[in-house]
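Residue-level structural notes
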Amino acid sequence: MACAVRRSRALAAVLVLAAVAVACGGTSRTSGRPTLDWYNFPDDSGALQQAADRCGRASGGRYAIRYNKLPRTADGQRQQLVRRLAAHDPAMDILGLDVTWTPEFAEAGWIRPWTGAHREEAERDTLAAPLSTATWKGRLYAVPYNTNIQLLWYRADLVPEPPATWAEMIDEARALAKAGKPHRIEVQGAQYEGLTVWFNTLVASAGGSILNAAATAPSLGPPAVRAAGIMHDLATSPAADPSLANQMEDQNRLAMESGTAAFELNYPFVYPAMKADNPELFRHFRWARYPRVDADRPARVTIGGIDLAVGAHSRHPALAFEAALCLRDRDNQRTAALRGGLPPTLRGLYTDPEIERSYPFAGDILAELENAALRPRTPAYQNVSIAVSHTLSPPAGIRPVESVRDLGGQIEDALQSKGLVP
């Protein structure tokens, strides 16, 4: 009896291990085809699952793709990927990377470079700025899946013409406040990555950069002081939302939809959201290019997005490269744009009739992408971002000259991983 129990337990253990092996990637014993695991941000639109299913079918039975949802926050996504990649997890086939992670993951040896025909296909018709986010030291380490960039959104019933500069926008907000009208400027002021993006955009728009060209030391200087001054001016003006120091993108969207704001700096997802949530206000909802720091210098807006990389320890790298190219092909990027509001990385899609109908601001997105700013390109980006968001939070407490000086020291420490926990 005891032997029978032990045999039953052993058989159960074998079955459990077999199930785990299939669930974690590899080849299914029943179908005989590899299952590639794709880790990406959680998508409520269904576009990513549709892409996985479509590419599995298109492979002619050579592979299937399992879409695994990462946590909602960028920090949570990075943490899960880093832990599994550091453990040489072979189930990490296709990885959705935030555009800031390529240098870190490439230097750690966690992702494979794209070469030959795969690289040629990845670069074909791809916009230069998104492609730069996937490149490190001259080598391509990922293929851009989608991009993202902010526009200025405003209410045409309050502001007939959009402001061209930050100074104009703050002045117009003050005038609206005096008239007792909705007047707030919604922007990301919480102590997180969004604050770093705001600062980076202002610094680049003022003609500067956070790091030097070699990414070995802070650059900052007068452009950074100018950027910090704009953040302080907004935060201490009537234009500031009382919750500015705690606001992220979705809080900005909700505030605009509630009717208390006149302006919003945010990503294109706010357009379909306003259309669905407040049709009456949507009639007055307009967009324009991001406001300039200087009237004679175009704004350079920081891009976001997701790049698809192939894990260094994938059991099926050749298939993973092929599948990643399929996941970001023209049809799947169109679906992601129409259903998920994710701007494409393929130039040709910006003149696609379906996208132009659904997103009449596609031309403005493309124009901003052509002159976009990248976040600092360094394997220590996580540390640099923490230094920026901590030093400049809350925005109302910024002292432009002193804060930028302090930030320079914090960045020097960040580049050497001193005193920070990424």
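Residues numbered from 1 in each chain as written. Predicted model: local features only at pLDDT ≥ 70, side-chain atom pairs only at ≥ 80, totals over all residues. Heavy atoms only, no water.

**Considerations on the layout of surface pockets**
Taken as a whole, the largest pocket holds about 1,800 Å³ of empty space. Along its surface, the largest pocket is lined by 46 residues, and Arg-72, Thr-73, Ala-74, Gln-77 and Glu-249 are the ones closest to its centre. Those elements that place two or more of their residues in the lining of the largest pocket are helix 3 (74-86), strand 7 (143-148), helix 8 (193-205), helix 10 (249-258), helix 11 (270-277), strand 12 (304-310), helix 14 (330-340) and helix 17 (381-391). With six residues, helix 17 is the largest single contributor of residues to the lining of the largest pocket. (1 Å grid on protein atoms, 1.4 Å probe; cavity = no way out; pocket = protein on both sides within 12 Å on 5 of 7 lines; lining within 4 Å. Points joined across faces, edges and corners; volume = space filled by probe spheres on them. Helix = DSSP H or I, 4+ residues; strand = E, 2+ residues; numbered from the N terminus.)

**Some words on the sheet that holds strand 9 (residues 184-186)**
Taken together, the four strands give an open sheet; going across it, the order is 9-10-8-11, and neighbouring strands pair in mixed fashion. In the strand order of this sheet, the two ends are held by strand 9 and strand 11 (285-288), each with one partner. The sheet shows a mean angle of 20 degrees between the axes of neighbouring strands, direction not considered. Bridging between strand 8 (residues 151-155) and strand 11 involves four bridges; their strand directions are antiparallel. The residue bridging Leu-152 from the neighbouring strand is Ala-288, located in strand 11. Taken strand by strand, helix 10 contacts strand 8, strand 9, strand 10 (261-266) and strand 11, and its axis lies near 155 degrees from that of strand 10. (Pairing = 2+ DSSP bridges. Axes fitted to C-alpha atoms, helices over the stretch in contact; angles between N-to-C directions. Contact = heavy atoms within 4.5 Å.)

**Overview of the side chain of His-183**
Along the chain, His-183 falls in the loop between helix 7 (166-178) and strand 9. Judged by its relative accessible area of 18%, His-183 falls in the buried class. A distance of 2.9 Å separates a polar side-chain atom of His-183 from the backbone oxygen of Lys-181. Within the structure, the side chain of His-183 is placed 3.1 Å from the backbone oxygen of Pro-238, a separation counted as a polar contact. Sequence-distant contacts of His-183, defined by excluding residues within four places in its chain, comprise Ala-173, Leu-176, Ala-177, Pro-238, Ala-239, Thr-260, Ala-262 and Phe-263. (Buried < 20%, exposed > 50% of the residue type's maximum accessible area, 1.4 Å probe, protein only. Polar contact = N/O pair within 3.5 Å; in protein donor to acceptor, adjacent residues only side chain to side chain.)

**A closer look at the pairing of strand 10**
Strand 10 sits mainly inside the fold: six of its six residues count as buried. The sheet contact formed by strand 8 and strand 10 spans four bridges and is antiparallel. Paired with Trp-153 across the bridge in strand 10 is Glu-264. Both strand 9 and strand 10 contribute to a ladder of three bridges, which runs parallel. Across the sheet, the residue bridging to Arg-184 is Ala-261, located in strand 10.

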